[in-house]
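# Secondary and tertiary structure notes
Residue-level listing of the chains:
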2 protein chains.
Amino acid sequence: MKPANRLNATFAALADPTRRAILARLALGEVSVMELARPFAMSQPAISKHLKVLERAGLISRGRDAQRRPCRFEPRRLKEIAEWIGTYRHFWEESFNRLDQYLEELKTKEKTRDAK
Amino acid sequence: MKPANRLNATFAALADPTRRAILARLALGEVSVMELARPFAMSQPAISKHLKVLERAGLISRGRDAQRRPCRFEPRRLKEIAEWIGTYRHFWEESFNRLDQYLEELKTKEKTRDAK
DNA sequence: AGGTTATATAACTTAATAGTTATATACAGG
DNA sequence: CCTGTATATAACTATTAAGTTATATAACCT
């Protein structure tokens, strides 16, 4: 998959609260599908579908343990989107906020001056 | 909007490459809709729809300049998802990688032993 | 007022998503 | 071999999303 498509798939997968909850659970360790499904007010096939979405997005991988298919969290794709967001980080970090504040001050001064 | 719904809307908005490209453009400064639309092989109403999605997600805001509605990038929501991802950061950072490597080594040793 | 430019909205089509129930597959264990 | 358990798939429905064209709204300019 091309990197842009990876971002599409990753973001789309993360847009669903059930899937984010699944990831949160998997961050604590491998779990089977049934175990994953239990806390949700949703059928098992629905959970299986969510898992397929997560897997195709590369956010989880699956093992084999008898008839169980334990799911494991895979951090690579989260790292990728963390890096994507990183290119915007300066917008909310200290150094930028200082510039922002400075610009705000300028604006306020202008208005004050114009009002005179 | 509740925080969970905000995450839904933000991730969904970012899942589209056109919208990510719009954000990238807006990170360089305010732009009007027509200017934004130009580089895309897409009608103006399509761009307006994307902007509405971005606006409802809180990723942009819009001003007024005569008949123009200049769009401005709003970093808050990106910051929020950066924080959400932050809770998983330890999975790909140095300290974790060392543990991961150690576990990989253990596995390899097991296999080697079993093969004997 | 009338024409032009910028943007938004309406109505529509197509395709994708999230869920359902029912069924199929695969393995485990007596 | 038979039964139960875990998971996946099929077939279906309802909702949402992304695009289109045509039209409406709003502000500028002469």
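Let me sum up the structure you'll find in this document. Computed from a predicted structure; not experimentally measured.

Cut-offs applied
- Residues numbered from 1 in each chain as written.
- Chains lettered and ligands numbered in written order.
- Predicted model: local features only at pLDDT ≥ 70, side-chain atom pairs only at ≥ 80, totals over all residues.
- Heavy atoms only, no water.
- Near = heavy atom within 4 Å.
- Polar contact = N/O pair within 3.5 Å; in protein donor to acceptor, adjacent residues only side chain to side chain.
- Helix = DSSP H or I, 4+ residues; strand = E, 2+ residues; numbered from the N terminus.
- Nonpolar A, V, L, I, M, F, W, Y, C, P; charged D, E, K, R; others polar.
- Buried < 20%, exposed > 50% of the residue type's maximum accessible area, 1.4 Å probe, protein only.
- Least-squares fit on C-alpha atoms with pLDDT ≥ 70 in both.
- Contact = heavy atoms within 4.5 Å.
- Buried area = accessible area lost by both parts, 1.4 Å probe.
- Salt bridge = Lys/Arg side-chain N within 4 Å of Asp/Glu carboxyl O.

## Focus on the protein's contact with DNA strand D
- As a matter of local geometry, DNA strand D sits amid 20 residues, with A:Met34, B:Arg19, B:Ser43, B:Lys49 and B:His50 nearest to it.
- When the atoms of DNA strand D within 4 Å of the protein are sorted by group, sugar and phosphate make up 61%.
- Within the side chain of A:Ser48, one N or O atom sits 3.0 Å away from a phosphate oxygen of DNA strand D.
- At a separation of 2.6 Å, a phosphate oxygen of DNA strand D approaches a polar side-chain atom of B:Ser43.
- Looking at the surface near DNA strand D, the elements that each hand over two or more residues are helix H3 (33–37) and helix H4 (44–56) of chain A together with helix H4 (44–56) of chain B.
- Partitioned by chemical class, the residues of the surface near DNA strand D number seven nonpolar, seven polar and six charged.

## A look at the protein's contact with DNA strand C
- The environment of DNA strand C is made up of 21 residues, and the closest members are A:Ser43, A:Lys49, A:His50, B:Met34 and B:Gln44.
- By atom count, sugar and phosphate contribute 62% of the portion of DNA strand C lying within 4 Å of the protein.
- In this structure, a phosphate oxygen belonging to DNA strand C sits 2.6 Å away from a main-chain N or O atom of B:Met34.
- Here the surface near DNA strand C is composed, by residue class, of seven nonpolar, seven polar and seven charged.

## Regarding the environment of B:Arg68
All names here are of chain B.
- Mapped onto the secondary structure, Arg-68 falls in the loop between strand E1 (60–62) and strand E2 (71–73).
- The exposure class of Arg-68 is partly exposed, given its relative accessible area of 37%.
- Put simply, Arg-68 and Ser-32 are 36 residues apart on the chain and 6.1 Å apart in space, counted from C-alpha to C-alpha.

## Digging into the relation of the copies chain A and chain B
- Between chain A and chain B, which share one sequence, the superposing operator has a rotation angle of 180° and an axial displacement of 0.0 Å; the RMSD is 0.1 Å. Expressed as a symmetry operation, the mapping of one chain copy onto the other fits a two-fold axis.
- In this assembly, 96% of the residues forming the interface of chain A have copies in chain B that are likewise at the interface, indicating an isologous arrangement.

## A closer look at the interface of chain A and chain B
- Residue-level contacts link 26 residues of chain A with 26 residues of chain B.
- Counting each side, the surface lost to burial between chain A and chain B is near 2300 Å², with a carbon and sulfur contribution of 75%.
- The three residues of chain A that bury the most area against chain B are A:Arg20, A:Tyr88 and A:Trp92, which together make up 24% of that side's buried surface.
- If you look at where chain A meets chain B, you find zero salt bridges.
- Where chain A packs against chain B, one counts four residue pairs in polar contact (both at pLDDT 80 or more).
- Broken down by secondary-structure element, the contributors of at least two residues to the side of chain A that touches chain B are helix H1 (3–14), helix H2 (17–26), strand E2 (71–73) and helix H5 (76–86) of chain A.
- In terms of residue class, the side of chain A that touches chain B is built from 20 nonpolar, one polar and five charged.

## Things to note about the pattern of salt bridges
- The tally for this structure, following the rule as stated, stands at 14 salt bridges over all chains.
- The residue A:Glu93 makes a salt bridge to A:Arg89 at a minimum N-O spacing of 3.9 Å.
- Where B:Glu80 meets B:Arg6, a salt bridge forms, and the shortest distance between an N and an O atom there is 3.1 Å. Placement of the pair is B:Glu80 in helix H5 (residues 76–86) and B:Arg6 in helix H1 (residues 3–14), with a sequence separation of 74 residues.
- With relative accessibility at 21%, the residue B:Arg6 sits in the partly exposed group.
- Through salt bridges that share partners, A:Arg6, A:Arg77 and A:Glu80 make up one connected network.

Everything listed here is a matter of coordinates, which is why it stays silent on function.
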